[in-house]
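Understanding the architecture of this molecule
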Amino acid sequence: MNIFLPDLLAVVEENGQINIGLIEKTLQTLPEKLLGLGIRIILALLVFWIGSRIINGIRHVVIKSMEKSNADIGVRQFLGSFIKVALTIILIFMIASWFGMDAASIIAVLGSAGVAIGLALQGSLSNFAGGVLILLLKPFKVGDYIVENTGKNEGVVKEITLFYTKLSTYDNRIVILPNGALANSSMTNLTDMPNRRIDIGVGISYSSSIETAKKVIQTIMAQCPYTLQGEDNQVFVEKLDESSILMGVRCWVKTEDYWKGKFYLNEHIKLALDQAGVTIPFPQVDVHLVDNFAKKENNDD
């Protein structure tokens with residue numbers, strides 16, 4: 001870092017006059033010094049490349065050992081990212097010290113820049129702290145389906161890194177959420193429990209038999225391959241609307257079968273009610289046409 005500084009200072013004499021002899025001497029030694037600097041830069045890049053390979057090897061060994069101990073995949077991903085970043089920073093400091101920066105200078109630079117870096121990286125530090133909280137408190141893990149209530153983002157958790165969490169949606173999009181926002185906002189974990197309840201509302205007309213509708217729906221629930229028999233499955237009159245009777249349908253399925261069970265029930269309940277003659281009302285508009293021309297002729301007569 002200070003290869004040329006003494007020579008450049010010596011070029012100017014104490015009285016401020018330029019020393020031509022020193023300029024010529026500096027120019028004569030410049031190629032040699034540039035060659036030395038170039039060699040050091042190449043060696044530094046080579047050391048950085050080798051160090052990066054070693055860091056990746058250490059990270060790989062740590063992750064493999066955690067896999068053997070059945071550690072949570074989110075912890076493995078987070079720790080892997082942390083090891084890579086921390087060891088890379090240490091490697092850069094080692095290379096910088098090799099170029100002539102001593103430890104005291106590095107500490108002084110870090111101390112003077114610490115406040116500025118902290119202010120500039122407030123969001124990143126918040127995300128890092130949020131990632132630590134997520135791993136400690138475990139509100140969700142890799143593979144869970146979550147809904148972030150503030151921004152209404154949802155999807156399957158694919159990866160938890162140092163600063164961000166990646167979600168995969170059902171239409172194959174990747175949503176990246178900051179860990180700080182996730183740790184400080186409410187969310188819904190839809191797959192944390194083994195079983196989940198399906199709630200469906202079915203409207204029938206007032207002229208239809210409630211008992212017939214209940215029997216038909218109960219039969220469909222019993223035939224559904226995804227419904228957990230023996231659980232508190234119910235069919236009841238939930239509400240008397242202005243134009244229909246709203247039947248409530250509640251049944252339990254395994255969490256991974258939630259959407260399959262809901263789609264099955266919606267389709268087969270409709271078909272079964274049609275076969276049983278139970279009417280499902282829908283909004284209708286009655287249009288009355290008046291022949292104004294004929295009405296006028298009658299008035300003339």
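Our structure is the block above this text.
Figured I'd write up the structure that's included with this text. Here the structure is a predicted model, which is why all the values come from computation and not from measurement.

**Comments concerning the overall build of the chain**
Across its full length, the chain holds nine helices and eight strands. Counting across all 301 residues of the chain, residues that qualify as buried make up 26%. Carbon and sulfur atoms make up 61% of the accessible area of the chain, which amounts to about 20000 Å² in all.

**Structural notes on unusual backbone geometry**
Excluding glycine, residues mostly carry a negative phi; peptide bonds, for their part, are mostly trans. The phi dihedral of Lys-152 falls on the positive side, at around 60°, and the residue is not glycine. Examined against the element boundaries, Lys-152 turns out to sit in the loop between strand S1 (145–148) and strand S2 (153–160). When its relative accessible area of 60% is taken as the criterion, Lys-152 is described as exposed. Located in the positive-phi region is Asn-172, a residue other than glycine, with phi close to 65°.

**Here we look at the sheet that holds S2**
Here we have five strands laid out as an open sheet, ordered S4-S3-S2-S1-S5, and antiparallel in their pairing. A strand with exactly one partner marks an edge of an open sheet, and here the two such strands are strand S4 (174–178) and strand S5 (187–189). Along the sheet, successive strands turn relative to each other by an average axial angle of 40°, direction set aside. Of the strand pairs in this sheet, strand S3 (residues 164–168) and S4 are connected by five bridges, and their pairing is antiparallel. Bridging across to S4, Leu-167 finds its partner in Val-175.

**Digging into the sheet that holds strand S7 (residues 234–240)**
Taken together, three strands build an open sheet; the order of strands is S6-S8-S7 and the sheet is antiparallel. Taken across any chain shown, the strands that pair with only one partner, and hence form the sheet edges, are strand S6 (195–204) and S7. Within the sheet, the average angular offset between the axes of one strand and its neighbour, ignoring direction, is 25°. Here S6 runs beside strand S8 (residues 245–254); their pairing, made up of ten bridges, is antiparallel. Residue Asp-199 lies in a different strand from S8, and its bridge partner there is Arg-250. The sheet contacts of helix H7 (residues 210–223) involve S6, S7 and S8, and relative to S8 the element is tilted by about 15°.

**Comments concerning the pairing of S2**
Across four bridges, the pairing between S1 and S2 is antiparallel. Bridging from a neighbouring strand, Val-147 pairs with Glu-154 of S2. From the end of S1 to the start of S2, which pair antiparallel, there are four residues, and Lys-152 there has a positive phi angle of about 60°. In this structure, the hairpin formed by S2 and S3 is closed by a connection of three residues.

**What to know about the environment of Phe-128**
By the element assignment, Phe-128 lies in helix H5 (residues 122–137). A relative accessible area of 27% places Phe-128 in the partly exposed class. Excluding residues within four positions of it along the chain, Phe-128 makes contact with Phe-78, Phe-82, Leu-162 and Phe-163.

**Regarding the pattern of salt bridges**
Across all of its chains, the model carries seven salt bridges by this definition. The residue Arg-173 makes a salt bridge to Asp-171 at a minimum N-O spacing of 2.9 Å. Taking the relative accessible area as the measure of exposure, Arg-173 reaches 48% and is therefore partly exposed. In this structure, Asp-241 engages Lys-239 in a salt bridge whose closest nitrogen and oxygen atoms are separated by 3.7 Å.

Analysis parameters
Residues numbered from 1 in each chain as written. Predicted model: local features only at pLDDT ≥ 70, side-chain atom pairs only at ≥ 80, totals over all residues. Heavy atoms only, no water. Helix = DSSP H or I, 4+ residues; strand = E, 2+ residues; numbered from the N terminus. Buried < 20%, exposed > 50% of the residue type's maximum accessible area, 1.4 Å probe, protein only. Areas by Shrake-Rupley, 256 points an atom, 1.4 Å probe, with all protein chains shown as cover. Pairing = 2+ DSSP bridges. Axes fitted to C-alpha atoms, helices over the stretch in contact; angles between N-to-C directions. Contact = heavy atoms within 4.5 Å. Salt bridge = Lys/Arg side-chain N within 4 Å of Asp/Glu carboxyl O.

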